[in-house]
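# A closer look at the structure
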Protein chains: 2
Amino acid sequence: MINIDARSSKPIFEQVVYKIKENIIMGGLSPGDKMPSIRELSKMLTINPNTVSKAYAELERQKLIETISGKGTYVSLDYKPKVDEDRFRKLRDVLKDAIVEAHCMGIGQKQLAEIINGIYKDIER
Amino acid sequence: MINIDARSSKPIFEQVVYKIKENIIMGGLSPGDKMPSIRELSKMLTINPNTVSKAYAELERQKLIETISGKGTYVSLDYKPKVDEDRFRKLRDVLKDAIVEAHCMGIGQKQLAEIINGIYKDIER
DNA sequence: TAAGTGTACTATAGCAGATAGTACACTTAA
DNA sequence: TTAAGTGTACTATCTGCTATAGTACACTTA
């Protein structure tokens, strides 16, 4: 389900956030589903509970999951995607960065579009 | 030419690397052009010379610039873009990350394609 | 010779990430 | 009621990366 790359420069808690988002989008986790508890997931991934807690806090901040005190954490039932201006700018920056990087590798617009289409095929299945 | 965001979570030396890449791609810097010296650029950006040196070292590692000892640093004349497998995987990861993030913001495939087209229009002018 | 180049060090401070451990209030099931 | 499991909130510590400051050296050019 979730695999962590300890050697990655990307922080572990961010990897957890991303993997859970991916799971939700790909349908592995559906609205209303109970998430693994913090202690449980930390054991599964052999990482610190605080790290999982940090990831869950971020996901809750983004309204993707909800917490019921004493019971557990659940995938939000009423998630409404919305376009925050800051997040949109960040997205654009990341994409621009990727485009420049691709350009330096000799990857042009058409080829990049193909790569993106390939990723969408992976995800939306 | 180059502006640094000190508040960004992105390291300064990476911002410098990116901005110079962008300059080369957009034609502001052409093959054979002399780069500003490390001490000069560090003064322009009010950052430490070591930080600029780190950025230049990275650009040289990627063969985008070349150093002639005692003379200075120049934009490579013979840069051959090549697709390193590691870098390609990183590019794909970044794009996948962006797609998942976009999805969470309610931005679908079509809209993302439009954003990317917009970025290309900005760059290739 | 003097100024300017890149490079290579050492040392220091600051910050973010990750871990360890403890404690508390809550819910649920026995 | 009790025990186990839940999220949460702390403190403390360690590590690595980033950035800065300062110094020194070999090189090239005017």
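For the structure itself, look to the data block above.
Summarised in this report is the structure supplied together with it. Along every chain, residues carry numbers that run from 1 in the direction the sequence is written. Think of it this way: whatever chain is written first is A, whatever ligand is written first is 1, and the rest follow in order. Owing to the predicted nature of the model, reporting of local features is limited to residues with pLDDT of at least 70; listing and counting of side-chain atom pairs is limited to 80 or more, with chain, interface and lining totals taken over all residues.

So, on to the overall build of chain A. The helix and strand labels rest on DSSP assignments: H or I over at least four residues marks a helix, E over at least two residues marks a strand, and numbering proceeds from the N terminus. Assigned secondary structure in chain A consists of five helices and two strands. Each helix and strand of chain A, ordered N terminal to C terminal, gives the series α-α-α-β-β-α-α. On the principal axes, the C-alpha backbone points of chain A span a range of 50 × 35 × 30 Å. With C-beta atoms placed from the backbone, a residue counts as buried when 20 or more other C-beta atoms lie within 10 Å of its own, as exposed when 12 or fewer do, and as partly exposed for counts between those limits. Put simply, chain A has 125 residues, and 20% of those count as buried.

One frequent convention defines the size of an interface as the accessible area lost when the parts assemble. By the convention adopted here, residues are in contact when the distance between their C-beta atoms, placed from the backbone, does not exceed 7 Å. Listed per partner, the contact involves 29 residues of chain A and 30 residues of chain B. Mapped by element, the contributors of at least two residues to the side of chain A that touches chain B are α1 (12-26), α4 (85-104) and α5 (109-123) of chain A. With 14 residues, the single largest contributor to the side of chain A that touches chain B is α4 of chain A. Residues are grouped as follows: Ala, Val, Leu, Ile, Met, Phe, Trp, Tyr, Cys and Pro are nonpolar; Asp, Glu, Lys and Arg are charged; all remaining types, including Gly, are polar. Here the residues of the side of chain A that touches chain B sort into 18 nonpolar, three polar and eight charged.

Let's shift gears to the relation of the copies chain A and chain B. Each copy of the sequence occupies a distinct position, and chain A is placed on chain B by a rotation of 179 degrees and an axial shift of 0.0 Å, giving an RMSD of 0.1 Å. In short, the pair behaves as if placed about a two-fold rotation axis. The fraction of interface residues of chain A whose copies in chain B are also interface residues reaches 100%, indicating that both copies meet through the same surface. Copies are brought into register by a least-squares superposition over C-alpha atoms of residues with pLDDT of at least 70 in both.

For any two helices packed against each other, the geometry is given by the interaxial angle and the distance between the axes. All names here are of chain B. Under this scheme, a helix contributes an axis fitted over its contacting stretch, all axes are lines through C-alpha atoms, and angles between N-to-C directions fall in the 0 to 180 degree range. Between helix α2 (residues 38-45) and helix α3 (residues 49-61), the least distance of the axes is 8 Å, while the angle of their chain directions is 120 degrees. Between α2 and α3 the crossing geometry is right-handed. Within the contact between the two elements, α2 uses Ile38, Arg39, Leu41 and Ser42 and α3 uses Pro49, Val52, Ser53 and Tyr56. Here the contact of α2 with α3 is composed, by residue class, of five nonpolar, two polar and one charged. By definition, any crossing whose near helix is turned counterclockwise from its far helix by less than a right angle is left-handed, and any crossing with a clockwise turn is right-handed.

Before going further, it helps to examine the pairing of strand β2 (residues 72-75) of chain B. Residues and elements named next belong to chain B. For strand β1 (residues 65-68) and β2, the ladder comprises four bridges, and the chain directions are antiparallel. Residue pairing across strands places Glu66 opposite Tyr74, the latter belonging to β2. Following β1, the chain reverses through three residues before pairing antiparallel with β2; Gly70 in that reversal takes a positive phi of roughly 85 degrees. Criterion used throughout: strands pair if DSSP finds at least two bridges between them.

To continue, consider the protein's contact with DNA strand D. All residues are tested the same way: a C-beta atom is placed from the backbone, and lying within 6 Å of a molecule or strand makes the residue near it. Close to DNA strand D lie 23 residues, the nearest being Ser37 of chain A together with Ile12, Asn48, Asn50 and Gly70 of chain B. Mapped onto the surface near DNA strand D, the elements with two or more residues apiece are α2 (38-45), α3 (49-61) and β2 (72-75) of chain A together with α1 (12-26) and α3 of chain B. When residues in the surface near DNA strand D are grouped by element, the largest group, five residues, is from α3 of chain A. The residue makeup of the surface near DNA strand D, split by class, is seven nonpolar, 12 polar and four charged.

Glancing now at the environment of Arg92 of chain B. With respect to the secondary-structure elements, Arg92 of chain B resides in helix α4 (residues 85-104). Sequence separation between Arg92 of chain B and Glu60 of chain B is 32 residues; the distance between their C-alpha atoms is 23 Å. Apart from residues lying up to four places away in sequence, Arg92 of chain B is in contact with Ile115 and Ile119 of chain A.

None of this, on its own, says anything about what the molecule does.
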